[in-house]
Amino acid sequence: MKTTVFIKKYEGKTLADDGAYVSKEFNNFQNAMKREVKRMAEEIGAVLVSFNKGHYDMSWFVERNGKYVYGNYSAIGNRTHVNLLDNVCYARIAAHSKDYTGGHNNWCSFAEMQETMDRLLRA
């Protein structure tokens, strides 16, 4: 498990909630997560193809050598409490960068996401 500056900054934090809208604070968290996923992908020789920000959830596709992985982080259960060290994320093999129904979910913490994406891209 790799603890990064991103994880140290956000783990266990409670972010502002604007109810029907994503708060500015949560939007900043989403932007920081996008930068972190991009960094993780680059470190394993992959490319962040897309990053989707939802209402208190995020998903992304990374690609390496024609293989794709879909990743997801959801804060739906406790929308504003950031939990990056428990198994609240998953990644799965995808056929392409729009495949939201690909292989089975591989649950992991966000701290383990880089290792999980790398393992799936090697499969």
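One structure accompanies this document, and this report is about it. What you are looking at is a predicted structure, and each value in this text was computed from that prediction instead of being measured. (Residues numbered from 1 in each chain as written. Predicted model: local features only at pLDDT ≥ 70, side-chain atom pairs only at ≥ 80, totals over all residues. Heavy atoms only, no water.)

1. Overview of the overall build of the protein chain
Each helix and strand counted, the protein chain has 3 helices and 5 strands in total. Each helix and strand of the protein chain, placed in order from N terminus to C terminus, yields the pattern α-α-β-β-β-β-β-α. Relative to the globule expectation of 14 Å for 123 residues, the C-alpha radius of gyration of the protein chain, 14 Å, shows essentially globular dimensions. In terms of overall dimensions, the protein chain has a C-alpha envelope of 40 × 30 × 20 Å along the principal axes. The buried share of the protein chain, taken over its 123 residues, is 45%. (Helix = DSSP H or I, 4+ residues; strand = E, 2+ residues; numbered from the N terminus. Rg over C-alpha atoms; globule rule 2.2 N^0.38 Å. Buried < 20%, exposed > 50% of the residue type's maximum accessible area, 1.4 Å probe, protein only.)

2. Details of the environment of Asp99
Structurally, the position occupied by Asp99 is in the loop between strand 4 (89-94) and strand 5 (106-108). Here the alpha-carbon distance between Asp99 and Phe61, two residues 38 residues apart in the chain, equals 9.0 Å. Not counting the four nearest positions on each side in its chain, Asp99 is found in contact with Phe61, Tyr70 and Ala94. At a separation of 3.1 Å, a polar atom in the side chain of Asp99 contacts the main-chain amide nitrogen of Gly102. (Contact = heavy atoms within 4.5 Å. Polar contact = N/O pair within 3.5 Å; in protein donor to acceptor, adjacent residues only side chain to side chain.)

3. Regarding the side chain of Asn83
Tracing the sequence through the fold places Asn83 in the loop between strand 3 (67-74) and strand 4. One polar contact links the side chain of Asn83 to the main-chain amide nitrogen of Leu85, over a distance of 3.4 Å.

4. Some thoughts on unusual backbone geometry
Of note, Asn65 is a non-glycine position whose phi angle comes to about 55 degrees, a positive value. Of the residues examined, Asn65 reaches a relative accessible area of 74% and is grouped as exposed.

5. Remarks on the sheet that holds strand 3
With antiparallel pairing, the 5 strands of this open sheet are ordered in space as 1-2-3-4-5. Of all the strands in the sheet, the pair left with one neighbour each is strand 1 (47-53) and strand 5. The mean angle between the axes of side-by-side strands here comes to 20 degrees, regardless of whether they run parallel or antiparallel. Pairing of strand 1 with strand 2 (residues 57-64) involves 6 bridges; the strand directions are antiparallel. Among the inter-strand pairings, Val47 is bridged to a residue of strand 2, identified as Glu63. Where helix 2 (residues 24-43) meets the sheet, it contacts strand 1, strand 2 and strand 3, and its direction lies at approximately 165 degrees from that of strand 1. (Pairing = 2+ DSSP bridges. Axes fitted to C-alpha atoms, helices over the stretch in contact; angles between N-to-C directions.)

6. A short note on the nonpolar core
Ranked by size, the top nonpolar core spans 33 residues in total, and within it Phe29, Met33, Trp60, Val62, Tyr73, Leu84 and Phe110 carry the most contacts. Taken together, the elements giving at least two residues each to this core come down to helix 1 (5-10), helix 2, strand 1, strand 2, strand 3, strand 4 and helix 3 (113-122). Here this core gets 7 residues from one element, more than from any other, and that element is helix 2. (Core = buried A, V, L, I, M, F, W, Y, C linked by side-chain atoms within 4.5 Å.)

7. A look at the pairing of strand 4
Most of strand 4 is tucked away: 5 of the 6 residues are buried. Sheet analysis places strand 3 next to strand 4, joined by 6 bridges and oriented antiparallel. By the bridge assignment for strand 4, Tyr73 is matched with Cys89. For strand 4 and strand 5, the ladder comprises 3 bridges, and the chain directions are antiparallel. Bridged to Ala91 within strand 5 is Asn106.

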